[in-house]
Amino acid sequence: MTEDDARAAAALRLWEATAPDAVLLDGFHALKHALRFEAPVRAAVTSDKTAALALAADLADDLTDTLDRLLVEVPAGTLRELVPRVHPTGVAALAERRNRTANLDAMSRLPRRSPVVVLDNPRNLGNVGAVVRLAAGFGAAGVVTTGDLDPWHPNAVRSGAGLHYATAVERLPLEELPPGPLYVLDPEGDDIRSVPLPDDALIAFGSERHGISPDLRERATRLVALPMRPQVSSYNLATSVAMALFHWGGPAPL
């Protein structure tokens, strides 16, 4: 057995031992962001290490040395056995999930300097991941989902490009939402352009199909609505979140 074969075999043993309780980082970009935000990565494999390092040199040179140490090359067929669907970059990794207690503390700590996004019973994992990516980019305090969808599902982490590690992401029942005034997006609400959103707000969005649940609507501090042309039925969930967070952030300083 060559040294490379031995490393690959050891990586596979580590993967199998780690996988049951780990978060799958599917693709180069998910691993890149997870590492930048100090995710505890336990195993990382690729079917083409040379290509992965070339991608790092081009897009994330700050991580090239780290990835050189971390990535272990395995046969393409082996990688296909490890993940449900091989990412085009041929990279996959496993990491520990962010600490739930630390996430909840970060979202509950007052005064907060940025809002928490609440997704009420979302039904599409891709949308959840896209919202996490937006929240991370805007510096939101976190993303909370209600309902039975796991926001740390591999499909959500893949869609979020690993940015679950850049903000707090948790699933909670309504009665355990973080503190703060609750601004609920609803077509019957006041035009959001006339309503300042405070830094400690919870900004809530309904599910793609059914909108806000009656229970969450009843808890609202205020209903607000996004501007929309007549006869247009709705915006994509991630688009709605982006518009609301952009409004919260206000105009760029001169």
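All figures in this text were calculated on a predicted structure; none of them were measured in a lab.

Draft legend 1. Geometry of the sheet that holds strand E8 (residues 182-191). Strand order in this open sheet of six strands is E7-E6-E5-E9-E8-E10, and the pairing throughout is parallel. At either margin of the open sheet sits one strand with a lone partner, and together these are strand E7 (168-171) and strand E10 (222-225). On average, each strand axis in the sheet is tilted by 35° relative to the strand beside it, whichever way the strands run. Alignment of E8 against strand E9 (residues 202-205), held across three bridges, turns out to be parallel.

Draft legend 2. Spatial organisation of the pattern of salt bridges. Under the definition given, this model contains twelve salt bridges. Measuring nitrogen to oxygen at the nearest pair gives 2.5 Å for the salt bridge that ties glutamate 96 to arginine 42. Of this pair, glutamate 96 sits in the loop between strand E4 (91-95) and helix H6 (100-108) while arginine 42 is found in strand E2 (residues 41-46), placing the two residues 54 residues apart along the sequence. Judged by its relative accessible area of 37%, glutamate 96 is partly exposed. What makes arginine 42 partly exposed here is its relative accessible area of 40%. For arginine 123, the salt bridge identified is with aspartate 148, shortest N-O distance 3.0 Å. Remark: aspartate 148 occurs in the loop between strand E6 (142-145) and helix H8 (154-159) and arginine 123 occurs in the loop between strand E5 (116-119) and helix H7 (125-138); sequence separation between them is 25 residues. Residue arginine 123 is classed as partly exposed on the basis of its relative accessible area of 42%. The class for aspartate 148 is exposed, based on a relative accessible area of 54%.

Draft legend 3. Up close: the nonpolar core. One finds Leu25, Leu31, Leu67, Leu119 and Phe205 to be the most contacted residues of the largest nonpolar core, which totals 51 residues. A total of six residues in this core trace back to one element, the largest contributor, which is helix H10 (residues 237-249). Those residues in contact with phenylalanine 205 that sit more than four places away from it in its chain are Val117, Val118, Leu119, Asp120, Leu185, Ile212, Leu237, Ser240, Val241 and Ala244. Residues Val118, Ala168, Val184 and Leu202 belong to the second largest nonpolar core, which totals 16 residues.

Draft legend 4. Focus on the pairing of E7. The sheet contact formed by E6 and E7 spans four bridges and is parallel. In the sheet register, glycine 142 faces E7, and the bridge partner there is alanine 168. A crossover connection joins E6 to the parallel E7 through H8; in handedness this β-α-β unit is right-handed.

Draft legend 5. Spotlight on the pairing of strand E1 (residues 23-26). Neither face of E1 is left uncovered, since the one carrying Val23 and Leu25 and the one carrying Leu24 and Asp26 both have all their residues buried. Sheet topology places E1 next to E4; four bridges connect them, and they run antiparallel. Bridging across to E4, leucine 25 finds its partner in alanine 93.

Analysis parameters
- Residues numbered from 1 in each chain as written.
- Predicted model: local features only at pLDDT ≥ 70, side-chain atom pairs only at ≥ 80, totals over all residues.
- Heavy atoms only, no water.
- Pairing = 2+ DSSP bridges.
- Helix = DSSP H or I, 4+ residues; strand = E, 2+ residues; numbered from the N terminus.
- Axes fitted to C-alpha atoms, helices over the stretch in contact; angles between N-to-C directions.
- Salt bridge = Lys/Arg side-chain N within 4 Å of Asp/Glu carboxyl O.
- Buried < 20%, exposed > 50% of the residue type's maximum accessible area, 1.4 Å probe, protein only.
- Core = buried A, V, L, I, M, F, W, Y, C linked by side-chain atoms within 4.5 Å.
- Contact = heavy atoms within 4.5 Å.
- Right-handed = clockwise from strand over helix to strand, strands pointing away.

Limitation: the analysis is restricted to geometry and does not speak to function.
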